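Chain by chain, the residues run as shown.
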Amino acid sequence: MNPSVQAVVSRGNPHAKLMLIGEAPGAREDELAKPFVGRSGQTLERLMESVGLNCDQDVYICNVVKFRPPKNRRPTRQEIALSFPWLQQQIELVDPALIVLAGSTAVEAILGIRGGISKLRGHWQDWQGRWVMPLFHPAYLLRNPSQAEGAPIALTKSDLLQVRQRLNRINQQAVVPVLGTARCQRKS
Ligand code: URA
């Protein structure tokens, strides 16, 4: 870890049923101590908005690694392992029903799978009783800006639509009247 940078913990709604986990903060995130506020964050916000999700209200956003790696390099396996207890605690506290993994570092940290994001994206996984959806990382989408059908941006929008639809179903099931009382069914 680089001690000259500050911890970037989260942004968004800590009561959201949807959590998004990215890789690590970049320069802008380090400056503002908030995840996904730079160019990747703008891309993420636009994609979320395209399926009717608001990054401040509907999602809790964090990263696997809480400190900006030197020169924006990919976090090492050791950094991921050292950060994992903090991430696990965040997940337990927020207790989301759905988790979106943005990019291969988040997939590796949570699912323990290295590589293969192109095959994993768009397919639901079960992790500790929570629905998990791997997605391309927004930085990858910035490098692949084609708007064509079947290109990474269009695929990511369709993956997020699946997320939106499942979130809607969970929200509908959240309050079930039982003998005149309201019971919460957290995960579906
Ligand atoms: N990329 C990430 O993975 N996280 C951020 O917070 C910003 C860019």
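This one's a predicted model, so the numbers in the text were calculated from it and none came from an experiment.

Conventions adopted
Residues numbered from 1 in each chain as written. Predicted model: local features only at pLDDT ≥ 70, side-chain atom pairs only at ≥ 80, totals over all residues. Heavy atoms only, no water. Phe/Tyr/Trp six-rings, centres within 6.5 Å; stacked < 30°, edge-to-face > 60°. Buried < 20%, exposed > 50% of the residue type's maximum accessible area, 1.4 Å probe, protein only. Lys NZ or Arg CZ within 6 Å of the ring centre and 35° of its normal. Axes fitted to C-alpha atoms, helices over the stretch in contact; angles between N-to-C directions. Helix = DSSP H or I, 4+ residues; strand = E, 2+ residues; numbered from the N terminus. Parallel < 35°, antiparallel > 145°, perpendicular 65-115°, else oblique. Left-handed = near helix turned anticlockwise from the far one by under 90°. Contact = heavy atoms within 4.5 Å. Nonpolar A, V, L, I, M, F, W, Y, C, P; charged D, E, K, R; others polar.

Some thoughts on the packing of aromatic side chains
Taken as a whole and judged by the stated rule, the model has two aromatic pairs. Seen in terms of ring centroids, Trp124 and Trp131 are 5.9 Å apart; in terms of plane orientation they differ by 75 degrees. Their pairing is edge-to-face. Trp131 sits in the partly exposed class, given a relative accessible area of 24%. Here the basic side chain of Arg166 rests over the ring of Trp124, its NZ or CZ set 4.8 Å away from the ring centre. Over the ring of Trp131 we find Arg166; its NZ or CZ atom is 3.5 Å from the centre of that ring.

Let's talk about the packing of helix H2 (residues 39–50) against helix H7 (residues 152–174)
Viewed as axis vectors pointing N to C, H2 and H7 meet at an angle of 55 degrees, and their least axial separation amounts to 9 Å. With respect to H7, the axis of H2 lies oblique. Taken as a pair, H2 and H7 cross one another with a handedness that is right-handed. Here Leu47, Met48 and Ser50 of H2 lie close against H7, whose contacting residues are Ile153, Thr156, Lys157 and Leu160. Grouping the constituent residues of the contact of H2 with H7 by class yields four nonpolar, two polar and one charged.

Remember, this is a structural readout, not a statement about activity or role.
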